Amino acid sequence: MLTLGHIIKPIANYKATGSEPAVVSVVMDSREVVSGSVFVAYKGENVDGHDYVTQAFANGAIAALVERPLSADFQTVDLRNADDELSFDFTRPICLLVDDAITALQTAAKAWRNRFDVEVIGITGSVGKTSTKELTHAVLSQKYRTFKSPGNRNSILGLPMALFGLREHHEKAVLEMAMYVPGEIKTLCTMSSPQVGLVTLIGAVHMERAGSMEAIVAAKQELVEALPADGVAILNKDDERVMGMADHTHARIFTYGLDPTADVWADNIQSMGLDGIRFTLHHKHEAMTVNVPLLGRHSVHTSLRAAAVGLVEGLSWDQIVRGLQATAVQLKLVTVPGPKNSTIIDDTYNANPESMMAALNLLADLQGRHIAVLGDMLELGPVEEQSHRLIGRRAADVAQRLITVGRRAEWIAEEAIKVGMPENHVIKVKDSETAVPILESIIAERDMILVKGSLGMQMDKIINAVGRYN
């Protein structure tokens, strides 16, 4: 059981007595606080968590990590001097004063993770981390008691909070690892000590901040660099940048992909539209044809990643296939009924060139007239224009109607027209709200509608409005 003592002890000179209150969760959003939570007062670019400590205590928090003294009405214990003797009144909420709330959080999370003999599987890459995490968890759960990082808790802020969910009974832990700037995945690995590291693929995501593709590769590579010599690096045989990481790890290499020289590979791929995909898995001298209820041909790689982890962890083919076919796995891309018996493909979680292309390829596999509603892809830096124009060329091949949302997405529209899409079939709008009535006016019977864009474009508003007919 996680207690407040487990959080305080690694940060300061405190000898836990075992009488400390139990901690239900560790959160940074006061709206997520429940009775028994610890609140982390993180000062971000736009919001200062210190302004919400009072609300957190009102919602039931038992303690808050803070970087400055607050109201005299609060019980405050200074953890900044390790030589001080500490005393607490655990019957009252406590402000735990530290130099840096995030460093303190990470220190406590690392200590908690190190209490358990659990094997950690870390997953990183530019695309497909969350879907791979979910499917890998489904596969490993066929044999092991498996933990997974919840939601999008994959950053230097989110992952330490996720680690507090580990418990004694867990045998495996599947953790998604994201980076905002170089060096962050190294920090995540220091906290979580992964024994297995899986890399999906490398794309231009975060190019604006990283500055170059080489910097992105180096940042993602931090996962395989952190693996121990008896660990395993699971690499994408179809991505040269990922395979280049093989020279930067002491771990054993295990590969996956469509390349027959990979350790686990797939062929005979058939899209069954909204009914999923069918393909043949190969490993050594074994082959097995499987049907997987995932959308899009890109889901073959997602399945291969989960299968690769399963093979590395000693699962049988039957166990792996059961995990791949687990209908309880909820991935980001889903379908929503629309007006006039249309189907809306909701892929609004985020967007980059690779995932946008994969979504358009899925649309191409579906029966019916195709409408693509595509928003800006953000954070692409110097490659943003060429990336949007590349998507425009594919959209012209796939869609009969195109709506673009945002300033950058105008390049998609321009390129689609340039390569032959009729100009009167392309509409450019500034925001998602404007797109709603336009989309509603052009939907015909049994249309297939793809809606996709970066999270900041709020493309989900289109889904919420047009999907109201279901």
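Just so you know, these numbers come straight off a predicted model, no measurement behind them. (Residues numbered from 1 in each chain as written. Predicted model: local features only at pLDDT ≥ 70, side-chain atom pairs only at ≥ 80, totals over all residues. Heavy atoms only, no water.)

Draft legend 1. Broad picture of the overall build of the chain. Along its length, the chain carries 16 helices and 20 strands. A globule of 470 residues ought to have a C-alpha radius of gyration of about 23 Å, and the chain, at 24 Å, matches this closely. Expressed as a percentage of its 470 residues, the buried residues of the chain come to 56%. Within the chain, contacts between residues separated by at least 24 positions form 64% of all contacts whose residues are at least 6 apart in sequence. Summing over all exposed atoms, the chain offers an accessible surface of approximately 19800 Å²; the carbon and sulfur share of this is 47%. Taken as two groups, the 45 positive and 57 negative side-chain charges of the chain have centres that lie 3 Å from each other. (Helix = DSSP H or I, 4+ residues; strand = E, 2+ residues; numbered from the N terminus. Rg over C-alpha atoms; globule rule 2.2 N^0.38 Å. Buried < 20%, exposed > 50% of the residue type's maximum accessible area, 1.4 Å probe, protein only. Contact = heavy atoms within 4.5 Å. Areas by Shrake-Rupley, 256 points an atom, 1.4 Å probe, with all protein chains shown as cover. Lys, Arg positive; Asp, Glu negative; His and termini not counted. Charge placed at Lys NZ, Arg CZ, Asp CG, Glu CD.)

Draft legend 2. Seen up close, the packing of aromatic side chains. Enumeration according to the criterion identifies 4 aromatic pairs in this entry. Taken together, a centroid distance of 5.1 Å and an interplanar angle of 85 degrees make the contact between Tyr14 and Phe88 edge-to-face. Placement of the pair is Tyr14 in the loop between helix H1 (4-8) and strand E1 (25-27) and Phe88 in the loop between strand E4 (75-78) and strand E5 (94-97), with a sequence separation of 74 residues. Put simply, the rings of Tyr14, Phe88 and Phe90 touch in pairs and so form one group of aromatic residues. (Phe/Tyr/Trp six-rings, centres within 6.5 Å; stacked < 30°, edge-to-face > 60°.)

Draft legend 3. Highlighting the pairing of strand E20 (residues 448-452). Counting buried residues along E20, 5 of its 5 residues qualify, which places the element largely inside the surrounding structure. Alternating residues of E20 divide into Met448, Leu450 and Lys452 and Ile449 and Val451, and every residue in both groups is buried. Direction of pairing for strand E16 (residues 343-347) relative to E20: parallel, over a ladder of 5 bridges. Opposite Ile345, over in E20, you have Leu450 as the bridge partner. Of the pairings in the sheet, the one linking strand E17 (residues 370-375) to E20 comprises 5 bridges and is parallel in character. Bridge pairing in E20 links Val373 to Val451. (Pairing = 2+ DSSP bridges.)

Draft legend 4. Spotlight on the sheet that holds E20. Taken in spatial order, the 6 strands of this open sheet run E15-E16-E20-E17-E18-E19, and their pairing is mixed. Only two strands of the sheet have a single neighbouring strand rather than two, namely strand E15 (334-337) and strand E19 (426-429). Averaged over all adjacent pairs, the angle separating strand axes in this sheet is 20 degrees, with direction ignored. Strand contacts of helix H12 (residues 353-365): E16, E17 and E20, with the helix running at about 170 degrees to E17, the strand carrying the most contacts. (Axes fitted to C-alpha atoms, helices over the stretch in contact; angles between N-to-C directions.)

Draft legend 5. Examining the pairing of strand E6 (residues 119-124) more closely. For E6, the tally of buried residues reaches 5 of 6 residues, placing the bulk of the element in the interior. Direction of pairing for E6 relative to strand E8 (residues 172-176): parallel, over a ladder of 5 bridges. Residue pairing across strands places Gly122 opposite Leu175, the latter belonging to E8. Where E6 meets strand E9 (residues 196-199), 4 bridges bridge the pair, whose relative direction is parallel. Residue pairing across strands places Gly122 opposite Gly197, the latter belonging to E9.

Draft legend 6. Representation of the nonpolar core in the model. Counting residues in each nonpolar core, the largest one holds 49 residues, and the members touching the most others are Ile7, Val26, Leu65, Leu79, Phe88, Leu96 and Phe164. The element that contributes the greatest number of residues to this core is helix H3 (residues 101-113), accounting for 7 residues. Each residue touching Leu79, except ones within four places of it in the same chain, is listed here: Ile8, Ile11, Ala12, Leu86, Phe88, Leu96, Leu97 and Val98. Grouped together as the second largest cluster of nonpolar side chains are 34 residues, Leu140, Val196, Ala307 and Val321 included. (Core = buried A, V, L, I, M, F, W, Y, C linked by side-chain atoms within 4.5 Å.)

Draft legend 7. Layout of the sheet that holds strand E2 (residues 37-40). Pairing is parallel across the open sheet formed by 5 strands, whose spatial order is E1-E2-E3-E5-E4. Each edge of the open sheet is held by one strand with a lone partner, namely E1 and E4. Geometrically, the sheet is characterised by an average inter-axis angle of 20 degrees between neighbouring strands, direction not taken into account. Bridging between E1 and E2 involves 3 bridges; their strand directions are parallel. In the sheet register, Val27 faces E2, and the bridge partner there is Phe39.

Draft legend 8. Just the pattern of salt bridges, in detail. Taken as a whole, this structure holds 20 salt bridges when the rule is applied. Note that Glu119 and Lys172 form a salt bridge whose closest N and O atoms lie 2.8 Å from each other. Here the residue Glu119 occupies a position in strand E6, and Lys172 occupies one in strand E8, the gap between them amounting to 53 residues. Glu119 gets classed as partly exposed once you look at its relative accessible area, which sits at 22%. Residue Lys452 is joined to Asp347 by a salt bridge in which the shortest nitrogen-to-oxygen separation is 3.1 Å. With Lys452 in strand E20 and Asp347 in strand E16, the pair connects residues that are 105 residues apart, well separated along the chain. (Salt bridge = Lys/Arg side-chain N within 4 Å of Asp/Glu carboxyl O.)

Draft legend 9. Region of the structure containing the packing of helix H13 (residues 384-398) against helix H14 (residues 410-418). Taken N-terminus to C-terminus, the directions of H13 and H14 make an angle of 45 degrees; their axes are 7 Å apart at the nearest point. The orientation of H13 with respect to H14, classified from their angle, is oblique. Where H13 crosses over H14, the handedness of that crossing is right-handed. Contacts between H13 and H14 involve Glu384, Glu385, His388, Arg389, Ile391, Gly392, Arg393 and Ala396 on the former and, on the latter, Trp411, Ile412, Glu414, Glu415 and Ala416. Among the residues making up the contact of H13 with H14, the classes are represented as 5 nonpolar, 2 polar and 6 charged. (Parallel < 35°, antiparallel > 145°, perpendicular 65-115°, else oblique. Left-handed = near helix turned anticlockwise from the far one by under 90°. Nonpolar A, V, L, I, M, F, W, Y, C, P; charged D, E, K, R; others polar.)

Draft legend 10. Here's a closer look at helix H8 (residues 213-225). Taking 1.5 Å of rise per residue, 13 residues should cover 18 Å, and H8 covers 18 Å from first to last C-alpha, within 8% of that figure. At Ala219, H8 shows its largest bend, some 25 degrees. Judged by how many residues are buried, H8 sits mostly within the fold: 10 of 13 residues are covered. Of all the positions in H8, only Met213, Ala215, Ile216, Val217, Ala219, Lys220, Gln221, Glu222, Leu223 and Val224 are classed as buried. (Expected span 1.5 Å × (residues − 1). Bend = angle between axes of the 7 residues up to and from the residue.)

Draft legend 11. Representation of the packing of H12 against H13 within the structure. It is at 10 Å that the axes of H12 and H13 come closest, and there the two elements cross at 0 degrees. Judged on the interaxial angle alone, H13 and H12 are roughly parallel. Between H12, through Pro353, Met356, Met357, Leu360, Asn361, Leu363 and Ala364, and H13, the contact on the second element is made entirely by Ser387, Leu390, Ile391, Arg394, Ala395 and Val398.

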